[in-house]
Amino acid sequence: MAETGGQQLFDLWKKQVEEGSQAWLRTLGQGQPADPQSFWRPFMDQGMAAWSKVMTQGPPSADLMGQWKQFLDQWIAAWSKVLEQAMGTETFAQAMGKQMESFLNTSGPAKKAAEQQIDAGLAGLGLPSRSQVIGVAAQIVQLEDKVDGLEDRLDAVVKELRELTAAVKAARA
């Protein structure tokens, strides 16, 4: 009985994959943004219910597991083809652009709020914030540049003094 249930499960999933693939392609071809959540939820719920039914009918047979593997191989191949076609459309690119824009609009303020909380926490612990450490590092770099400039000037002055001393010694001689 489990083998019959396994074949039914396999056939059900195969049908769902084929219908789902076509639905995605039709949706993308019409220029409508695809809503993965509304598509996947019934697909997965129905599949899990069928799988649960088959598993309660008895222990899985080797044939059932073979059919399951065959289904998974076909499922991966079918979705790879569909997704490859779908990702090559202008509609998909626009949908991804909107998703990215939405993510950036949401994550920017969230990141700023998190940074403020971190800075407040560090201040409460008496530790410097990232921006304070960066500020100190920039000041150190500026000081190093000034010291290098002073060393160059001093080297030039020392060189002139040596030349002047040599000239004075030569004039006295």
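Residues numbered from 1 in each chain as written. Predicted model: local features only at pLDDT ≥ 70, side-chain atom pairs only at ≥ 80, totals over all residues. Heavy atoms only, no water.

Examining the overall build of the protein chain
And then number 1: Scanning the protein chain from N- to C-terminus turns up 5 helices and 0 strands.
And then number 2: For the protein chain, the N- to C-terminal ordering of α and β elements is α-α-α-α-α.
And then number 3: Of all 173 residues assigned to the protein chain, the portion counted as buried reaches 16%.
And then number 4: Residue pairs in contact within the protein chain that sit at least 24 positions apart in sequence constitute 74% of those at least 6 positions apart.
And then number 5: Counting only carbon and sulfur atoms, one obtains 60% of the accessible surface of the protein chain, whose full area is about 13,100 Å². (Helix = DSSP H or I, 4+ residues; strand = E, 2+ residues; numbered from the N terminus. Buried < 20%, exposed > 50% of the residue type's maximum accessible area, 1.4 Å probe, protein only. Contact = heavy atoms within 4.5 Å. Areas by Shrake-Rupley, 256 points an atom, 1.4 Å probe, with all protein chains shown as cover.)

So, the side chain of Ser129
And then number 1: Examined against the element boundaries, Ser129 turns out to sit in the loop between α4 (90-125) and α5 (130-172).
And then number 2: Those residues within four positions of Ser129 in sequence are excluded, and the remaining contacts are Asp119 and Leu122.

Notes on the pattern of salt bridges
And then number 1: Summed over all chains, the structure comprises 1 salt bridge.
And then number 2: Lys111 is paired through a salt bridge with Glu115; the nearest N and O atoms lie 3.7 Å apart. Of the two residues, Lys111 and Glu115 both sit in helix α4, 4 residues apart, roughly one turn of that helix. (Salt bridge = Lys/Arg side-chain N within 4 Å of Asp/Glu carboxyl O.)

A word on the environment of Val82
And then number 1: One can find Val82 in helix α3 (residues 62-87).
And then number 2: Judged by relative accessible area, Val82 falls into the buried class, the value being 5%.
And then number 3: Each C-alpha atom, one on Val82 and one on Glu18, is 9.8 Å from the other, the two residues being 64 residues apart in sequence.

Remarks on a negative patch on the surface
And then number 1: On the surface, a cluster of negative charge is contributed by Glu144, Asp145, Asp148, Glu151, Asp152 and Asp155.
And then number 2: Within the secondary structure, Glu151 is located in helix α5.
And then number 3: For Glu151, a relative accessible area of 44% puts it in the partly exposed group. (Patch = residues over 30% accessible without salt bridge, like charges linked within 9 Å, V, L, I, M, F, W, Y side chains within 5 Å. Lys, Arg positive; Asp, Glu negative; His and termini not counted. Charge placed at Lys NZ, Arg CZ, Asp CG, Glu CD.)

Let's talk about the environment of Phe71
And then number 1: Here Phe71 is to be found in helix α3.
And then number 2: The class of Phe71 is buried, set by a relative accessible area of 3%.
And then number 3: Residues Phe71 and Asp11 lie 60 residues apart in sequence; the distance between their C-alpha atoms is 8.7 Å.

Regarding α4
And then number 1: An ideal rise of 1.5 Å per residue puts 52 Å on 36 residues; α4 measures up with 51 Å between its terminal C-alpha atoms.
And then number 2: Residue Gly126 follows α4 closely and has a positive phi angle near 80°. (Expected span 1.5 Å × (residues − 1).)

A short note on a nonpolar patch on the surface
And then number 1: Together, Val157, Leu161, Leu164 and Val168 line one region of the surface with nonpolar side chains, adding up to about 350 Å² of accessible area.
And then number 2: Relative to the assigned elements, Leu161 resides in helix α5.

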